[in-house]
Structure formats: C-alpha cells, structure tokens
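Summary of the model geometry
Residue strings, one per chain:
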Amino acid sequence: MATAGQLVEDFEMFGVALEDNKLVEKCLELCNQYGIEGEELAACWVSFSSTHGVGAPSEDTLEQLERENLAKPKKKTISHTPNEGFKMYDATTLDSLGCDNADQDEDLLAAYGGTPTIQNKRAHTPERNSSRKRHVGPARSISAQFSPATLSPSVATPSLKYSSRTNSGTVVATYGDVNNATWTADPTFTPEVKSLALGGEVPLTESYKYMFEKVRDAGEALDDAITVLADQMMALLGQEEETHLRVASNERVCAVGRVCCDSVGHLNAASVLLEGSRSASGAATVPLDLSRLKQYSLFPGQIVGVAGVNPTGNKLLAQELIPGKLLPPPTNPVTISSSTGCVQVVVGCGPFTTTDNLLYEPLTDLLTTIQDNPPHLLILLGPFLDAAHPFLVKNELSETHEAVFSRCLRIITSALEKLPTKVILVSSSRDVCGPMVYPTPPYSVGVGSGVTCVSDPALLDIQGVVMALTSTDILFHLGKEEISFPPQGSDRLGRLTQHILRQQSLYPLYPPAEGMCIDLEQAEMHARLPSTPHILVIPSDLRYFAREVEKCVVVNPERLAKGLVGGTYTRLELHPPSPDTHTVINSINAKVVKV
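These numbers come from a predicted model, not from an experiment.

With that out of the way, let us pick up the packing of aromatic side chains. Using the criterion set out here, one finds nine aromatic pairs in the structure. An angle of 20 degrees between the planes, with centres 5.7 Å apart, marks the rings of Tyr296 and Phe485 as stacked. Of this pair, Tyr296 sits in strand β6 (residues 296-298) while Phe485 sits in strand β15 (residues 483-485), and the two are 189 residues apart along the sequence. In this structure Tyr296 comes out as buried when scored by relative accessible area, which is 13%.

This is the structure in structure tokens:
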C-alpha cells in the first residue's frame, strides 16, 4: 500500500514534484482505487506527460490520466479455434495468407526481445498531404536529408512542441568547480583514447553468436560471479571459509550468496532467499530473515555476504549484511598535464528524435552547439533508431530501417567532418538495426574517419582517465526491483549507483528486466568492472544528476529527446590531477545542459 511520503519520493525520482497536499491525496486515491504502487503511477505519469506535452501535474491532468490510462479496460486476448481445417485461398483471399498465425508470431518475437507491431500487419505507404508546409531554416541545414521531400509528411513534420521550448542551454545540474571551468577545447591538442577490456582479456569488438547459450554454461557464469566476490567479502566478515547454507548452528556463521525471490513477483522482505555457490553450499538456497537488521537494500541477483545464526538449518537469521565490495581505482597514470591542457568531452544519449517525427531535431541542435564550441571528444550512446518509436511500432515508415539509420549517421559525420572532434558511438540493444542482446556488439555499419564504434557496455581510457559507459537503463531496472529499509533512509539514486559499483558489474540484476536479453557468458567477459572507474556514465529515464559516489564521478545525462520535448546532455572537463592529492575525481568538472 502506497504512503504519502513514498509517493512523493517515487515522483521525485522522475523529477516530478508533488508540492500540493491535494495532489498527493489524489495520487493516493488513484493508487488505492486501481491497486497500483506509487512507482507505477509515477511511471504512468511520465509517459502521459511526455505524450501530451504537459508540465507539472494538476488535479485536471491527473483526472485526464485516469480517464485515458487507468480507467480503460485491458484488451482481451483473442482466442483462436484450433483445427479449423485446411483453408483454400483464391484471388480475393490471397492477401490473408500468412496472417492467420500473426498473433503467435508477434508473441514469439516479443519473447526474444523484439518489438512486435501493434496495429497494422501490412505496411502501407501513408498518403501525402499536399497542404503541409516544408520547414526551412538554418537549424535544418545539417539534417537536410530528412526534408519532407524524401520522407512521408507524417514522418517529416517538424515538432511544434519541441520548437516552442524556452529553456535551451539551461544548466540544470553541476559537479566540481564549474565557475572556473573554461568549457573550451584547445584545437592543437588531440587526446589519446583507448578501449579497455571489461572482465575479459580483450574488449568486445565484433558480433557473436547468441541464443546458443547452454543452461549449464549459464549456470557456471552465475556461479563464477558468486565465487569471485565471495573471497573479497569473507575478508570483510572476518572469516576465511564459508559455511554451508543448510548446516544448523547456534553459533555465528558466515556465507556469501545471490539474493533471489521465493515466488513469482516483486521481491519483499518476506520472500528473500539466499543462493550459495556450488563449491561452498552445493547451490543450495535458504530463506533469509532480515528482521534483526537495522537497514538493508536488496535486489534480485545481488551478491551479498551474510553473518548470522541458523538454528534449524532452514532459515538464516541475518545479523550483519555486506552489500558488496568496491574495487580499487585504476592504476594507469593520468597523462593530462598543464602542457596538454584540459580535455573537453560531450556526452549525449538517445533517443535523438522526438516521438512525433524522424527529423532528429534534438540531435541537429546538439551538433549545431558543438560546431560553435567543439570539444575534443563527442560520445553518443544509442539508440539512434529506437525500436519503441511510434512510427516503427505502427509500421508507418516508407523506407527501410537501415536507410533511416544510415542517414542519421551521415548527419553526424557531415556536421563534424571539418572539426577536430573525435566521435565515439556506443551501441544499444534498443536499436532496431542492431542485435537485441546484451552485451551489445559495436555497430557494423560503415562510418567515416574520426568515428569509432564501441560495444555496450564499454570502458574507455582518455589520457589515463578511465570512463565506464552503458546505454542500458540499469538505474531504472534496479529501481523497479530494489527493496530498502527504512523506506526513506537514504538517497535512492545514490544508493542504486552504489549497487553497480559494489557488485562490480554494469548489469548486476538477475533475472534481467522484461525485454532484456542477456548472454550470461558474454556478460561475464564484457560487463564486469576490472576496477572502480574515475567516471561512470549511466543514462537513464530517471532524473539527471552529476555527483560523486564511492570516489567515482557518476553522471546521468538523461535522454536527448523525451517524448515530444527536448532532453539534456552533459559536458565534462578533465583537468590535470592535483599534485597534492593525486586524485582524479577532484579535477573533473561536469554540467548537465538542456538541449
């Protein structure tokens, strides 16, 4: 049951403030009436506000949300009558051939992480409306390929909601000494950028065969993750060896295992299981009693160390809980100096176009800003053509996905071809033109010189400063599954970020979120952190921020486009480390800017 305080926190996590008590009471009424949690209502509001272009919630807009989303009855599943016999087709019914099992095909596609078409089963070219006006202006010069002359009117109509924004260029979050930052790159200096390995010996540079993973191999990968962290956390518990989870003992015992849920549904304090490793506990599970802990924060897949008593061998009464172990910082030297000057980096995350067209107006405006003040490095994280875009879901495109994707890349390369800026493209499993698997291999499309494609996740070395990046919204996925006690005991966004660093993985959640297809063997080699990075970039639908967490500068640049409106991007300035402290995090400046 949602409470007023929890509702306010759930909405604030999405950057929405419920300042009026009447709004809080209305939200509580909706939660109780429709049997939903506060976080689900907050997510529903974010989707509704993005679609309708509304700002802060009011009583009228909440009532409209109730009418259009909550009060609508769910669609019933269409039942199919089996054994209808062999069908004959003639010239009038030939078009229906292959459509009889369309629903089963859509279910199968969705089961493997695809995006099924919701309405039209056949692609129809939309009719052109000659009354629509072409948009002409200086901001469209970069994306001239997306003019209405080459795309259908519905796809190429400029967004009135986006073009009417008034907060472009506004700084909404900062970190470091931004008042003394220059935010200007020295064009004579070219920083060295290298791709580092994550977990394995080499970084992920090419596609691999997925959907061939054996259950035995997946189990070994999961068990290895427990074993790797067990040795580190046992030292924190003051023990040398683990105790079998099912051994009865009235004395203090220590064990390390993975947090699981004992039923189908969300984790709660009464459903927590601890799964041990094969070597220490034979992969046995035992219920975990959390009643004696003053505070805890858990999610499925988290590897924890537990000290407590197990009188009967059937339940472990936790007295102490270790939520993970931080890795040491990178040992490679930072080569940024006063002679080289600062390194300027711009980071933006997709989607790069609003949901009412495919003109890529936010991307165009970002590139125009970069042309005026070019950085040394531009990092763009996918998706570049989101599989969840309404035009793709409804099959309203008049050209192939590859053509739109390639044109988007040409916009980037043509805008920066005369600049010294290096471009790094981070792949995304949400991209319709890439494999929908995690870890996601780099894009295989041809790009020009000065453009580098890396995998998701990726680890970069920028003049000795180590930056970890992922285009997957792990913060949102963790936030949906995490339980914490006391409910409002700490900063939630900081706590979710701590999980990533302490679990030493860029996707520690297991089972993964719905729609995520993870190859566990590849994730073990290409998603585990070898050290605590200096900078961690984790784009999310949750509220933007730039802060220090566990001696790491963590940045959430959010999305460049959010529904019908523009989003944010991040500028980073990397200074030489101070000779007194030799710490890198104190020499990093960051700001989150409205596009």
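Moving on from the model shown.
Of all seven residues in strand β8 (residues 316-322), five are buried, a share of seventy percent or more. The pairing of strand β5 (residues 285-289) with β8 spans two bridges and is classified as parallel. Along β8, the bridge assignment pairs Asp289 with Leu317. Here strand β7 (residues 303-310) runs beside β8; their pairing, made up of five bridges, is antiparallel. Bridge pairing in β8 links Val309 to Leu317.

Taken in spatial order, the five strands of this closed barrel run β3-β4-β5-β8-β7, and their pairing is mixed. On average, each strand axis in the sheet is tilted by 55 degrees relative to the strand beside it, whichever way the strands run. Relative to the sheet, helix α8 (residues 215-237) contacts β3 (249-261), β4 (272-276), β7 and β8, its axis offset from that of β3 by approximately 140 degrees.

Turning our eyes to something else, we now look at the nonpolar core. Counting residues in hydrophobic clusters, the biggest one holds 57 residues, and the most contacted among them are Leu7, Phe11, Leu41, Ile500, Tyr507, Leu536 and Leu542. Take this core: its biggest share by element is six residues, from helix α2 (residues 21-34). Each residue touching Leu536, except ones within four places of it in the same chain, is listed here: Ala468, Thr497, Ile500, Leu501, Leu506, Cys552, Val553, Val554 and Val555. Grouped together as the second largest cluster of nonpolar side chains are 34 residues, Tyr162, Val404, Cys408 and Leu409 included.

Residues Glu19, Asp20, Glu25, Glu29, Glu59, Asp60 and Glu63 make up a contiguous surface patch of negative charge. Broken down by secondary-structure element, the contributors of at least two residues to the negative patch are α2 and α4 (59-70). Here the negative patch takes three residues from α4, the largest share from any one element. With respect to the secondary-structure elements, Glu63 resides in helix α4. Relative accessible area serves as the criterion here: at 34%, Glu63 is assigned to the partly exposed category.

Parameters at a glance
- Residues numbered from 1 in each chain as written.
- Predicted model: local features only at pLDDT ≥ 70, side-chain atom pairs only at ≥ 80, totals over all residues.
- Heavy atoms only, no water.
- Phe/Tyr/Trp six-rings, centres within 6.5 Å; stacked < 30°, edge-to-face > 60°.
- Helix = DSSP H or I, 4+ residues; strand = E, 2+ residues; numbered from the N terminus.
- Buried < 20%, exposed > 50% of the residue type's maximum accessible area, 1.4 Å probe, protein only.
- Pairing = 2+ DSSP bridges.
- Axes fitted to C-alpha atoms, helices over the stretch in contact; angles between N-to-C directions.
- Contact = heavy atoms within 4.5 Å.
- Core = buried A, V, L, I, M, F, W, Y, C linked by side-chain atoms within 4.5 Å.
- Patch = residues over 30% accessible without salt bridge, like charges linked within 9 Å, V, L, I, M, F, W, Y side chains within 5 Å.
- Areas by Shrake-Rupley, 256 points an atom, 1.4 Å probe, with all protein chains shown as cover.
- Salt bridge = Lys/Arg side-chain N within 4 Å of Asp/Glu carboxyl O.
- Lys, Arg positive; Asp, Glu negative; His and termini not counted.
- Charge placed at Lys NZ, Arg CZ, Asp CG, Glu CD.

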